[in-house]
Amino acid sequence: MGALENLGFGFGVALAPANLFACFVGVLIGTLVGILPGIGPVGAMALLLPSTFALEPATALIMLAGIYYGSMYGGSTTSILVNVPGEAASVVTAIEGYQMTKNGRAGAALSVSAVGSFLAGSVGVIGIVLFAAWLADQALRFGPPEYFAMTVSGLLLLSRLSGGSVVRSLVMVAIGLALGTVGMEPISGFRRFTFGSVQLSQGIELVPVIMGLYGVAEVLAIAESGIKKANIEHVRLRELFPTRAEWKLSSWPIARGSVVGFLTGLVPGPATVLATFVAYMMEKKISRTPERFGKGAIEGVAGPEAANNGATAGAMVPLLSLGIPFSPATAILLGAFVIHGLQPGPLLMAQRPDVFWGLVASMYVGNAMLLVLNLPLVGLFVSVLRLPQHVLATLVLLLCLVGAYSLNNSLLDLWVLAASGLVGYGLRKLAVDPAPLVVALVLGPIMEKSLRQTLFMARGDWTDIFARPLSVALLVIGLAVFAGPALVAVGRRARGGRAAVPEAPR
Amino acid sequence: MERLAALASLIAAGVFLAGALPLPRGVAARPGPGFYPLLVGVFFCATAAGFLVETIRRRTVVAPVAGDARTRVLVTAAALVGFVLLLPWIGYPAATFLFVAGMLRALGASWLLSLATAVAAAAGSYYLFASILSVPLPRGVFLD
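Residues numbered from 1 in each chain as written. Chains lettered and ligands numbered in written order. Predicted model: local features only at pLDDT ≥ 70, side-chain atom pairs only at ≥ 80, totals over all residues. Heavy atoms only, no water.

Caption draft 1: Quick peek at a nonpolar patch on the surface. Together, A:L411, A:W415, B:L85, B:L86, B:F97, B:L98, B:W111, B:L115 and B:V119 make up a nonpolar patch on the protein surface, roughly 800 Å² of accessible area in all. Counting only elements with at least two residues in the nonpolar patch, the list comes to α17 (411-429) of chain A together with α3 (67-90), α4 (92-106) and α5 (111-132) of chain B. Within the secondary structure, B:W111 is located in helix α5. (Patch = residues over 30% accessible without salt bridge, like charges linked within 9 Å, V, L, I, M, F, W, Y side chains within 5 Å. Areas by Shrake-Rupley, 256 points an atom, 1.4 Å probe, with all protein chains shown as cover. Salt bridge = Lys/Arg side-chain N within 4 Å of Asp/Glu carboxyl O. Helix = DSSP H or I, 4+ residues; strand = E, 2+ residues; numbered from the N terminus.)

Caption draft 2: Local environment of the packing of aromatic side chains. Under the defined criterion, the tally for this structure stands at 11 aromatic pairs over all chains. On the basis of an interplanar angle of 75° and a centroid distance of 5.7 Å, the ring pair of A:Y280 and A:F293 is categorised as edge-to-face. Taken together, the positions of A:Y280 in helix α11 (residues 271-286) and A:F293 in the loop between α11 and α12 (299-322) put the pair 13 residues apart, joining distant regions of the chain. What makes A:F293 buried here is its relative accessible area of 8%. Between the aromatic rings of B:F83 and B:Y92, the centroid separation amounts to 6.3 Å while the plane-to-plane angle is 90°, which identifies the pairing as edge-to-face. Like B:F83, the residue B:Y92 is buried in the burial classification. One aromatic cluster is present, formed by B:F83, B:Y92, B:F99 and B:Y126 through successive ring pairs. (Phe/Tyr/Trp six-rings, centres within 6.5 Å; stacked < 30°, edge-to-face > 60°. Buried < 20%, exposed > 50% of the residue type's maximum accessible area, 1.4 Å probe, protein only.)

Caption draft 3: Spatial organisation of the packing of helix α9 (residues 206-225) of chain A against α3(B). Across the interface, α9(A) lies against α3(B) with an axial gap of 7 Å and an inter-helix angle of 145°. With respect to the hand of their crossing, α9(A) and α3(B) are arranged in right-handed fashion. Within the contact between the two elements, α9(A) uses A:V216, A:V219, A:L220, A:A223, A:E224 and A:S225 and α3(B) uses B:A69, B:R72, B:V73, B:T76, B:A77 and B:L80. (Axes fitted to C-alpha atoms, helices over the stretch in contact; angles between N-to-C directions. Left-handed = near helix turned anticlockwise from the far one by under 90°. Contact = heavy atoms within 4.5 Å.)

Caption draft 4: Molecular detail of the packing of α17(A) against α3(B). At a minimum axis distance of 10 Å, the contact between α17(A) and α3(B) shows a crossing angle of 170°. The angle between the axes of α17(A) and α3(B) places the two elements in the roughly antiparallel class. Along its contact with α17(A), which presents A:L411, A:L414, A:W415, A:A418, A:L422 and A:Y425, the element α3(B) presents B:V73, B:A77, B:L80, B:V81, B:V84, B:L85, B:L87 and B:P88. Across the contact of α17(A) with α3(B), the residue classes break down as 14 nonpolar, no polar and no charged. (Parallel < 35°, antiparallel > 145°, perpendicular 65-115°, else oblique. Nonpolar A, V, L, I, M, F, W, Y, C, P; charged D, E, K, R; others polar.)

Caption draft 5: Geometry of the nonpolar core. If you look at the biggest cluster of nonpolar residues, it comprises 165 residues, and the most contacted ones within it are A:I128, A:L320, A:F337, B:F99 and B:L137. Excluding its chain neighbours within four sequence positions, the residues that come into contact with A:I128 are A:A133, A:F262, A:A313, A:M316, A:V317, A:L320, A:V360 and A:M363. Judged by nonpolar contacts, the second largest core, of 21 residues, contains A:M100, A:L110, A:V301 and A:L373. (Core = buried A, V, L, I, M, F, W, Y, C linked by side-chain atoms within 4.5 Å.)

Caption draft 6: Up close: the confidence of the model for chain B. Residues and elements named next belong to chain B. Averaged over all residues, the pLDDT of chain B is 86; the fraction at 70 or higher stands at 96%. The weakest mean pLDDT in chain B belongs to helix α6 (residues 140-143) at 67; the strongest belongs to helix α2 (residues 35-57) at 91. Note on the complex model: pTM 0.85, ipTM 0.91. (pLDDT = per-residue confidence, 0-100.)

Caption draft 7: Region of the structure containing the interface of chain A and chain B. Taken together, the contact pairs 57 residues of chain A with 62 residues of chain B. For the pair chain A and chain B, the summed buried surface comes to about 5100 Å²; carbon and sulfur atoms form 81% of the total. One can count two salt bridges joining chain A with chain B. Note that A:R168 and B:E54 form a salt bridge whose closest N and O atoms lie 2.9 Å from each other. On inspection of chain A and its partner chain B, the count reaches eight residue pairs in polar contact (both at pLDDT 80 or more). Residue assignment for the side of chain A that touches chain B shows that the elements contributing at least two residues are α8 (166-180), α9, α16 (389-408), α17 and α18 (435-457) of chain A. A total of 12 residues in the side of chain A that touches chain B trace back to one element, the largest contributor, which is α16(A). Looking at side-chain class alone, the side of chain A that touches chain B contains 36 nonpolar, 11 polar and 10 charged residues. (Buried area = accessible area lost by both parts, 1.4 Å probe. Polar contact = N/O pair within 3.5 Å; in protein donor to acceptor, adjacent residues only side chain to side chain.)

What follows is the structure, given as structure tokens:
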């Protein structure tokens, strides 16, 4: 059992005092940003990335990953108690969770969601061990054509699954790819679009773009909506225990949610958000008493809450074994790898087992900490919402500014931050998800390099990409999902069925 | 508003493509630095054009932001840009003080809360970042 031994080694790394502390800090910050509507996990990870420069690579990644999955816990807490989802992956939880609060079962909802998240996190770790090792093995056989096909497919999937208008998502992809060409190009070092600036020749920094699109844009949205006072329910500790019947109702949804979440996480797209919707719909569909949904059905909390944690684990798989991030959060983790001189991908497991297995094991440790941290301290965390919102918004904005500046001590990054923030606010107004832009900015250079290598290897023959079964398969999957809904609609119209094509949800 | 965004992205796409054209493209077997930007530029133009067509064919109304809400957004945006503009001149502590005080006051905090938070934020964050984390924040004309 090589995997078990390795995982044991990983626990050794994760339980080292420095890493244990980093994990604790990460999940604590994650819980807080999950609760606060002003800043989500992506913004917080971008914000803290510069402060991890001095840490060991494994320690830095353990902390950043902790923020990512920790936010899934915090987000659900406010969804359940005050009907204010702290971040997008907890929107679904609010449907049943807040109803349960109204029925006086807030404590049960919180416990079930925490336990569900923990179990899903554990399933996710097992999933990573099984999948990532296998995928990394396969990936050793990937050549440039496969990498090219994968980036193209990934971006197509992402723009289809991001919701809203596909054309707009594709414009986001185009902007991201265009920004990705700025600076020294990956093969010969030729400077493009730098206008003679030394700083621009390093390319456009990912972190200020993300901080702007997520952090600054959110602050502008808070400024727009004005200052509201949250109405906070009080939860007593003895109400925390679900009844035997509630446990029974939740156990299968948790199991199903974990698996569905993990699988959704593997697919490029807004995995955590999508996973919660899929899990909720599934529970509602297979329930023998669907009429209870919408009135505080505990399954509708257990399933989605397990699913969003499962998805955070699933999303780590393509990053760790292929070195390709398909979501803004994993894009930041990639940034952290690169800053520490590491390249995630098929060779990571062999070259830096301490980082790979330490990170995986720390996700298990972190989930256990979150369980202990969240249940007794729920009241304390929720009281964070009592902080005056204008103070919070101002300080978040200030932190974005200092954080972006401290990356390279450059004013250019501040201008990138400000521009991204204004654009991000505009995108919210247009109901466009900025995730494809972020991911395209990261994948662009990988895509260019693999495309040019492919053409070089094939002596300029485009068709070589289609001569390799693996790259063809990857492209076909991407195209099928991308064009699928449109084709189904055309087919339905041709058969004279209902011509009304449902618009993608916004 | 939507059409404006579409138009802006089309213009950006055009500018990008124009910038990509003069770059050396190389030959198919050995693509140069201008090869991939050209593809991206064409894709950018195509999608932006599609976006424009979509906004013309199907008009969705973006709820206008008016009145106080608009003022608050504009003030926040101005504080952000103002901070970046002033930072190299007056230095981090002074810029932070003005930024925090101005933004809080504009968002409806009392003078007392605004000024107190601004002093605390400027001093606290300067100490934390410049002294403890040794980020070389600009000190500006007052401290130098």
